[in-house]
Amino acid sequence: MTVLDHSSVVTRLRAAGCVFAEDEAELLISTARTPEELDAMVARRAEGLPLEHVLGWAGFAGVRVAVDPGVFVPRRRTEFLVEQAVALAPEGAVVVDLCCGSGALGVALVAGITGAELHAADVDPAAVECARRNVAAAGGRAYQGDLFAALPDGLRGRVDVLLANVPYVPSEEIELLPSEARVHEARVALDGGSDGLDVLRRVTAEAAHWLAPGGLLFFETSERQVPLAVAAVTEGGLVPRVATCEERYATVVVARRPAQAG
């Protein structure tokens, strides 16, 4: 039977275990173009597909970004990282969103500053295809490849803000993640290796070569990983600072390339 009204959508979503059924129902109803499409969307959500994949978009830090099936869904807690970057990014900043997924972080950041130049990169072809649409709409470019190898060489030493939302879940803990992430998002976007910091260490090892003097690297990590993450930053020649938001359970490391050597 075709779903037509708010109450029946809420009832189906609640029966499927959706905690925020009423809010989700409003989003589904406002996005669906026909009753038949709404019925199909509710069915996919009830089957466990992430809401953002059902909608085809996510609201993040004040912007709306396309999110294709299989692409990492930007987390609300990561808005804290963007807020930190907006507060510190200069006007006209050269911004790189590394491990960009949908490109949400970079798009949200450049929406909050004036005259930015945006570049984004990811190793996952599906993510890059999605990010290209979002980043192009913000006046930027997206590239496919492994971390810095994806970027134009002309960016070396010019990056004012490097956003690196690297995967940081330890490999053995992937199976403990909610099914929405574990089943419906690419493992490459989640798996950070044995201690969760494998990708981060690769980023911090090269970041100083890509950052402009005084440039900033921002990344999210878990509270328990902070000591090792800070050590990786320091070993890479950057000066770290840790910012936390208890309300969102967010921990962000901000690392600055010294303006001068020595």
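Bear in mind that the values here come from a model prediction, so they are computed numbers and not experimental data.

Thresholds applied
Residues numbered from 1 in each chain as written. Predicted model: local features only at pLDDT ≥ 70, side-chain atom pairs only at ≥ 80, totals over all residues. Heavy atoms only, no water. Pairing = 2+ DSSP bridges. Helix = DSSP H or I, 4+ residues; strand = E, 2+ residues; numbered from the N terminus. Axes fitted to C-alpha atoms, helices over the stretch in contact; angles between N-to-C directions. Contact = heavy atoms within 4.5 Å. Left-handed = near helix turned anticlockwise from the far one by under 90°. Nonpolar A, V, L, I, M, F, W, Y, C, P; charged D, E, K, R; others polar. Phe/Tyr/Trp six-rings, centres within 6.5 Å; stacked < 30°, edge-to-face > 60°. Buried < 20%, exposed > 50% of the residue type's maximum accessible area, 1.4 Å probe, protein only. Lys NZ or Arg CZ within 6 Å of the ring centre and 35° of its normal.

Asks: Explain the sheet that holds strand 4 (residues 117–122) to me, please; I cannot follow it from the model alone.
Replies: Adjacent strands of a sheet pair through backbone hydrogen bonds, lying either parallel or antiparallel. If you walk across this open sheet you meet the 7 strands as 5-4-3-6-7-9-8, and the pairing is mixed. Edge positions in the sheet fall to strand 5 (141–144) and strand 8 (239–245), since each of these pairs with one other strand and no more. Within the sheet, the average angular offset between the axes of one strand and its neighbour, ignoring direction, is 20 degrees. Where strand 3 (residues 94–98) and strand 6 (residues 159–164) come together, 4 bridges link them in parallel fashion. Across the sheet, residue Asp97 finds its bridge partner in strand 6, namely Leu163. Each of strand 6, strand 7 (211–221), strand 8 and strand 9 (250–256) touches helix 5 (residues 79–88); the most contacted strand, strand 7, lies at about 160 degrees to it. Across the sheet, helix 6 (residues 104–111) is in contact with strand 3, strand 4 and strand 6; its angle to strand 3 comes to roughly 155 degrees.

Asks: Just checking my understanding: could you explain the packing of helix 2 (residues 21–31) against helix 3 (residues 35–46) for this structure?
Replies: Two measures define how a pair of helices packs: the angle their axes make with one another and the distance between the axes. Orientation of helix 2 relative to helix 3, taken along the N-to-C sense of each, is 145 degrees, at an axis distance of 9 Å. Both helix 2 and helix 3 take part in a crossing whose hand is right-handed. Each of Glu24, Leu28, Ile29 and Thr31 in helix 2 lies in contact with helix 3, whose residues at this interface are Leu38, Met41, Val42 and Arg45. A breakdown of the residues in the contact of helix 2 with helix 3 according to their chemical character gives 5 nonpolar, 1 polar and 2 charged.

Asks: Can you help me understand the packing of aromatic side chains in this one?
Replies: In this description, a pair of aromatic rings is defined by centroid distance and the angle of the planes. In this structure the tally under the stated criterion is 1 aromatic pair. When the ring of Phe148 is compared with that of Trp210, the centres are 5.5 Å apart and the planes differ by 15 degrees; the resulting orientation is stacked. With Phe148 in the loop between strand 5 and strand 6 and Trp210 in helix 9 (residues 198–210), the pair connects residues that are 62 residues apart, well separated along the chain. With relative accessibility at 3%, the residue Phe148 sits in the buried group. Residue Trp210 is classed as buried on the basis of its relative accessible area, which comes to 3%. One Lys or Arg, Arg64, reaches over the ring of Trp57 and ends 3.6 Å from the middle of that ring.

Asks: It is not clear to me how unusual backbone geometry should be interpreted in this structure. Could you clarify?
Replies: Excluding glycine, residues mostly carry a negative phi; peptide bonds, for their part, are mostly trans. Positive phi, normally seen in glycine, also occurs at Cys99, with a value near 55 degrees. Relative to the elements of secondary structure, Cys99 occurs in the loop between strand 3 and helix 6. A residue is classified by how much of its surface remains accessible, and Cys99, at 18% relative accessible area, is buried. One non-glycine residue, Leu147, adopts positive backbone phi at about 50 degrees. Following the sequence through the fold, Leu147 ends up in the loop between strand 5 and strand 6.

Asks: What should I look at first to understand the side chain of Gln84 in this one?
Replies: For Gln84, the position within the fold is in helix 5. Setting aside anything within four residues of it in sequence, one finds Gln84 in contact with Phe218, Arg241 and Ala243.

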